[in-house]
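Each chain, written out:
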Amino acid sequence: MTSMNNEQVIKTKLKIVKQEIRNPWIDLLAVLVALVAGLLVGAVVIVSSGTDATEAYGALYEGAFGTPKAVMQTILQATPLLFTGLAAVVAFRGKIWNIGGEGQFLAGAMMTTWVSIKLANLPQPILVPIIILAAMTGGAVWAGIAGYLRAKFRVNEIIVTVMLNYIIEFIMSYILQNHWTDPKSSYPQSISFAPTTYFPSLFDSKLHIGLILVLVMVLLVYLLLWKTPIGYEIRAIGVNPVAAKFKGINVTRTILLTMLVSGALAGLGGGTEIAGVHHRLRLDISAGYGFTGILVAMMGQLNPFGAIVAAVFFGALINGSYLMQIKSQVPVALVHSIQGVILFFLVIAFVVRQYRIRKVQIDE
Amino acid sequence: MSAIQDSSVVLEVSNLNKCFGNFVANDQINFNLTAGEIHCLLGENGAGKSTFAKCLYGAYHQDTGTVKVNGFDVKFNSPRDAIHHGIGMVHQHFVLVPTMTVVENIVVGVEKSGISTGIKDAAKKVVALSEKFGVELDPHALVANLAVGQQQWVEILKALFSGVEILILDEPTAALTPQESEQLFSIIKKMTMDGTSVIFITHKLNEVMQVSDRITIFRKGKKVGSVKTSTTNKIELATLMVGRGVHFEVEKETLEPGTLVMEIRDLSASSKDKRESLKSINLSIYQNEILGIAGVGGNGQSELFDAIIGIHPISGGNIYLNGDEITRLKTAKILGKGLASIPSDRMTQGLLLEFTVAENLILGSQWVSPFKSGILLKEKEIIKNAENLIKEYEIATSGPEQVAARLSGGNLQKLILARELSRDITCVMANCPTRGLDVGAIEYVHQRLVELRDQGIGVMLISEDLDEIFNVADRIAVIYQGKIMGEFKTNQTSREQIGLLMAGVTEGIK
């Protein structure tokens, strides 16, 4: 029983093993690789359509950061993305896969519209806080439906949130065409709201207090997740719901709460976009911000400060693409494929980084 | 019996070793299987029998050791290789496509059969085989609509279709009704008449005695014996399974039990599949006393633990802690009343491996001062708490900020002990607190439990390890199929008596 055969030749081979512990530097590297890969694939598409890639990307950069006005436009573009990004950060930290940022964004926009129409006579200092609360409530309620179904009946939240996106899109389209329609417009959009509903602007520019609001939210999300017992519980159910339950964390309640917070953030994004930029509800009020928000959260490593960087990046990409289209005839739609490729590589990187290659001894 | 002795060895394993990191799952296993034999692998959860089977099936690669099939050395890189050599395995969780029919599932698994022509032939063959083995099965029924026993039969058919000569069944009766189990046994017996050999993995003693020709017993990764079924009995098997090896004796002075800490009255519970998992359990835990709950794994220990902390639904009875009723309270409330809980699976039930040591040490206390003030967590207090506990419990870690996943098994358990025992507690419940630990860590846990008892805390120790129970407990209750079979003072009973009760034998106690 005890005789071990020690005379065997010991060889080594490379083996892929799972690693339990995350290395933040590798995570960062993964993000950079995904980013570069996205831009490279974009370059291939540009070149294959007969345009010079450096010229196109040059125009894109110029459009995003070339002038103070361009920078401001990029910041404006990044703001809704940061809201929806934060929404995804909160949900994903609890491993609740809220894919409904888009729908919650629209719910917030619709609540803002409703309040803006009904209470237009209130003075601005009272109306603006009401708008903020209404937008958050709209998003929270729409996310809460999925949260409740998931928490109480274990209904998959991915499916529910995706379906809720469609539902609210159609509800919004119906209301816009039948009740809130601007009689002066042939396009399905609401009337322009009274100035009392406007978010006050900053530095006499197009920038508005939505920017301050979103930065405050970054800080609040950080504090919530890492400095409060509630955030501790959200992260705990994300890491190990069984252990959380064994130590008395109310998993059902925490799931619901996570979805409410996540939805409120996305909803506020929708409200900000109306009260800060468009001042009316339009069918295309969200250019897929809810979905890009998922990308922002993932590229930001589910960290609220990381999400700022990611939101500015995607904001710049979108904003710069207009100049790129004008200057080098590369269509704006290219940005979507770049985003898609980045997501693709990010997801791969997230799986790959769970493994590492190790030398192991084998005996032949 | 003579048939077995005469027949040739179809599978021979020598000195097989398999480690996962530092954990030795299989230690120098020797094993052989003869043609037409039903060979049981018996052992506790985590004894290494499934690991061993997976090495035979090519799902794992052994670190060292040889496997011979029909006298030839083989080396499997995948289950596919194993099937080529005539070795098939039916897993505990079936790998069937529920939206496909029986025959489609079977054809998918078998190579070289053209789908269109294959289906008709296969369907005929399925009918013929099912008739032969006495199973009712429509080859065109959807798998999703089949009973569990029928699904298992489909799995076995898959193996038969791929020409398997050695069939490994991993805990095949776990999900079956008693009737289905009986049918399975008759199927297996018929198969062996055709020369197929069967390796049957289980921890249920009744089944072993009923179905097998030979039994190999695993314990803590080692093979502790191979016996002919006709020459053994349940009691011998139970003792082999739970072991009576030399253990470190724990220094313990005699103490008189103090006041009642926890009382469990007529506690009943049912599991999800409506099976009664706990049947009218009565237990009392006193100060200055360790109550050991002995039993073979899967006899209701986890359900009892979970029911007390409010996770498993209770269908009847009452639980009192320090005189207050805690039946059906929320987990946080129950634990907050002074109950420390050390769950059996420290990785999944006890800790947040991706959290830091400091964060893990406040799990469950995140709403309690001094760790919280106002709505914020107090980081300073959390770190200070961790620094103190790391010192007091000798946790080997680089500091409070280290991620828990980096700690060794023994230190993970210390982390749980530190967290649970540093609270204001009157009662400790520990479920298999030394499972998978090395000798040093086991000793540490035992000493801690005895210290708690000496301090006047009531301790309940659930363990599948009889040595541990006899070493540490002052009083022993035996659990079998969700029932308490008897309760004894440790110095007034014997391993034989406890072993018999663990096997469910109540008659003929000496």
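Worth saying up front: this structure is predicted, and the values here are computed from it rather than measured.

Draft legend 1. Quick look at the sheet that holds strand β11 (residues 260-270) of chain B. Residue and element names in this part refer to chain B. With respect to topology, four strands assemble into an open sheet ordered β12-β11-β14-β15, the strand pairing being antiparallel. Of all the strands in the sheet, just β12 (276-286) and β15 (324-325) have a single pairing partner and so form its edges. In this sheet, β15 lies alongside strand β14 (residues 316-321) in antiparallel orientation, the contact comprising two bridges. Across the sheet, the residue bridging to Leu321 is Asp324, located in β15. In this fold helix α10 (residues 301-308) packs onto β11, β12 and β14, with an angle of close to 65 degrees to the strand it touches most, β12.

Draft legend 2. The arrangement of the interface of chain A and chain B in detail. If you look at the interface, chain A gives 18 residues, while chain B gives 27 residues. Among the elements of the structure, α8 (229-239) and α9 (241-246) of chain A are those that each provide at least two residues to the side of chain A that touches chain B. At five residues, α8 of chain A tops the list of elements feeding residues into the side of chain A that touches chain B. Split into classes, the residues belonging to the side of chain A that touches chain B amount to nine nonpolar, three polar and six charged.

Draft legend 3. Molecular detail of α8 of chain A. The element α8 of chain A is largely enclosed, with a buried count of eight among its eleven residues. Of all the positions in α8 of chain A, only Gly231, Tyr232, Glu233, Ile234, Arg235, Ala236, Ile237 and Gly238 of chain A are classed as buried.

Draft legend 4. Expanded view of the environment of Cys432 of chain B. Residue and element names in this part refer to chain B. Tracing the backbone through its elements, the reader meets Cys432 in the loop between β19 (427-431) and α16 (439-454). Cys432 gets classed as buried once you count the C-beta atoms within 10 Å, which come to 25. Along the sequence, Cys432 and Ile293 sit 139 residues apart, while their C-alpha atoms lie 10.0 Å from each other. With near-sequence residues (within four places) excluded, Cys432 lies in contact with Ser344, Ile462, Ser463 and Glu464.

Draft legend 5. Local environment of the sheet that holds β19 of chain B. Residue and element names in this part refer to chain B. Overall, mixed pairing links the six strands, which are arranged β16-β19-β20-β13-β21-β22 in an open sheet. Of all the strands in the sheet, the pair left with one neighbour each is β16 (339-342) and β22 (483-489). Each adjacent strand pair in this sheet contributes to an overall mean axis angle of 15 degrees, direction not counted. Bridge count between strand β13 (residues 289-294) and strand β20 (residues 458-463): six bridges; the pairing is parallel. Each bridged residue has a counterpart across the sheet, and for Ala294 the counterpart in β20 is Ser463. Contacts from α10 reach β13, β19, β20 and β21 (475-480) within the one sheet, and its direction differs from that of β19 by about 145 degrees.

Draft legend 6. View of helix α12 (residues 304-328) of chain A. Residues and elements named next belong to chain A. With 25 residues, α12 extends 35 Å between its outermost C-alpha atoms, agreeing within 8% with the 36 Å of an ideal straight helix rising 1.5 Å per residue. Its maximal kink placed at Ser321, α12 deviates by approximately 30 degrees. Directly after α12, the chain includes Gln329, whose backbone phi takes a positive value near 60 degrees.

Draft legend 7. The arrangement of the pairing of strand β10 (residues 222-228) of chain B in detail. In terms of strand pairing, strand β9 (residues 214-219) of chain B meets β10 of chain B through six bridges, oriented antiparallel. Bridge assignment links Thr216 of chain B to a residue of β10 of chain B, and that residue is Ser226 of chain B.

Draft legend 8. Highlighting the packing of helix α1 (residues 24-48) of chain A against helix α13 (residues 334-352) of chain A. Residue and element names in this part refer to chain A. For the pair α1 and α13, the least separation of the axes is 8 Å and the interaxial angle reads 145 degrees. The chirality of how α1 crosses α13 is right-handed. Contact residues: Ala30, Val31, Val33, Ala34, Leu35, Ala37, Gly38, Leu39, Val41, Gly42, Val45 and Ile46 in α1; Leu334, Ser337, Ile338, Val341, Ile342, Phe345, Leu346 and Ala349 in α13. For the contact of α1 with α13, the per-class residue count stands at 17 nonpolar, three polar and no charged.

The rules behind these values
- Residues numbered from 1 in each chain as written.
- Chains lettered and ligands numbered in written order.
- Predicted model: local features only at pLDDT ≥ 70, side-chain atom pairs only at ≥ 80, totals over all residues.
- Pairing = 2+ DSSP bridges.
- Helix = DSSP H or I, 4+ residues; strand = E, 2+ residues; numbered from the N terminus.
- Contact = placed C-beta atoms within 7 Å.
- Axes fitted to C-alpha atoms, helices over the stretch in contact; angles between N-to-C directions.
- Nonpolar A, V, L, I, M, F, W, Y, C, P; charged D, E, K, R; others polar.
- Buried ≥ 20, exposed ≤ 12 C-beta atoms within 10 Å, placed from the backbone.
- Expected span 1.5 Å × (residues − 1).
- Bend = angle between axes of the 7 residues up to and from the residue.
- Left-handed = near helix turned anticlockwise from the far one by under 90°.

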